[in-house]
Amino acid sequence: MLMEGWEEHQNLPRTRKIPLVSIAVDENLLAELCVKMVTWGGLPFNSLDQPGLKDLLQIHTNALKLPFRRVIEQNNVKVPVLDNETRWNSGFLMLDYFVKNEEFLRELIDGNDLVQLSEEDWQFLKEYCTVFEPVYCATVRLQNESLTMGDFFFIWLDCLMTVEEIANSQMASTLVAAMKNRQTLLVEGKPFLAALYLDPRINYVQSDLMSDEQKKIGLQHLLQLWSKMRTRESHGGELSSVPSSRQS
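All of these numbers come straight from a predicted model, not from anything done at the bench. (Residues numbered from 1 in each chain as written. Predicted model: local features only at pLDDT ≥ 70, side-chain atom pairs only at ≥ 80, totals over all residues. Heavy atoms only, no water.)

1. Brief notes about unusual backbone geometry
Thought 1: Although it is not a glycine, Asn-168 sits at a positive phi angle of roughly 55°.
Thought 2: Here Asn-168 is to be found in the loop between helix 7 (149-164) and helix 8 (170-186).
Thought 3: Owing to a relative accessible area of 85%, Asn-168 belongs among the exposed residues under this scheme.
Thought 4: In this structure, Gln-206 takes a positive phi of about 55° despite not being glycine. (Helix = DSSP H or I, 4+ residues; strand = E, 2+ residues; numbered from the N terminus. Buried < 20%, exposed > 50% of the residue type's maximum accessible area, 1.4 Å probe, protein only.)

2. Quick notes on the confidence of the model for the protein chain
When pLDDT drops low, the exact placement of atoms in the prediction is not to be read closely.
Thought 1: Looking at the protein chain as a whole, the pLDDT averages 76, with 65% of positions reaching at least 70.
Thought 2: Confidence drops under pLDDT 50 across residues 1-13; counting only partners more than four residues distant or on other chains, this segment forms 23 contacts.
Thought 3: Within the model, the stretch residues 240-248 combines pLDDT values under 50 with two contacts to residues more than four positions away or in other chains. (pLDDT = per-residue confidence, 0-100. Contact = heavy atoms within 4.5 Å.)

3. Some words on the nonpolar core
Thought 1: Of all hydrophobic cores here, the largest spans 38 residues; its most connected members are Phe-98, Tyr-128, Val-131, Phe-132, Val-163 and Leu-175.
Thought 2: Put simply, the parts of the chain that give this core at least two residues each are helix 4 (90-100), helix 5 (102-109), helix 6 (119-141), helix 7, helix 8 and helix 9 (190-197).
Thought 3: It is helix 6 that provides the largest number of residues to this core, a total of nine residues. (Core = buried A, V, L, I, M, F, W, Y, C linked by side-chain atoms within 4.5 Å.)

Right, dumping it as structure tokens:
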């Protein structure tokens, strides 16, 4: 691929032109550098230490170096998704692409030394996407602008129960254990319990989602907040979400 021609610089006299030197560009090197700029070193769900995940991400990166974009378009297959550290779900979507286009990709990379996937790799991909699909769906639902703490808790529980239903998967068991540990920390927080206390979907008689002790802690926290508000008002203060510098 060659780039050549002439370009006229706007800040120079019209009579003077700057020649552009013809440069031979290595397409493979260019593709490799582009891939590195976009996704080099990015891993989805870094907290999950599972053998094979890093290798599969590298294989996907290598696959993008192959000149098969035209083949993809001819077969009406979507272009592969790149992992991107600034996008929460890009890692999952990248691996999910392999699972959903398994037959096409098997034929495409068959016999290619740069990209090789064993049956164990394909099995890992399928298990990974099965386990983390509920997490992906939960993060999408949590992007709603009008969520209450109760909404968050229901989305969390729905995700947890869906992963728990996945049988014969050590990965699913590991994720469930991590989510339950995190949930224990959540329900120990007084502000969290106070927010749940105000949600009638959670706070009702003989609720399965909130114990009497948790209701008591949530109510006490709300009463303490109310007491602080009254005390501040009695001293001429005012509670407002507007910063004091903007108040008139």
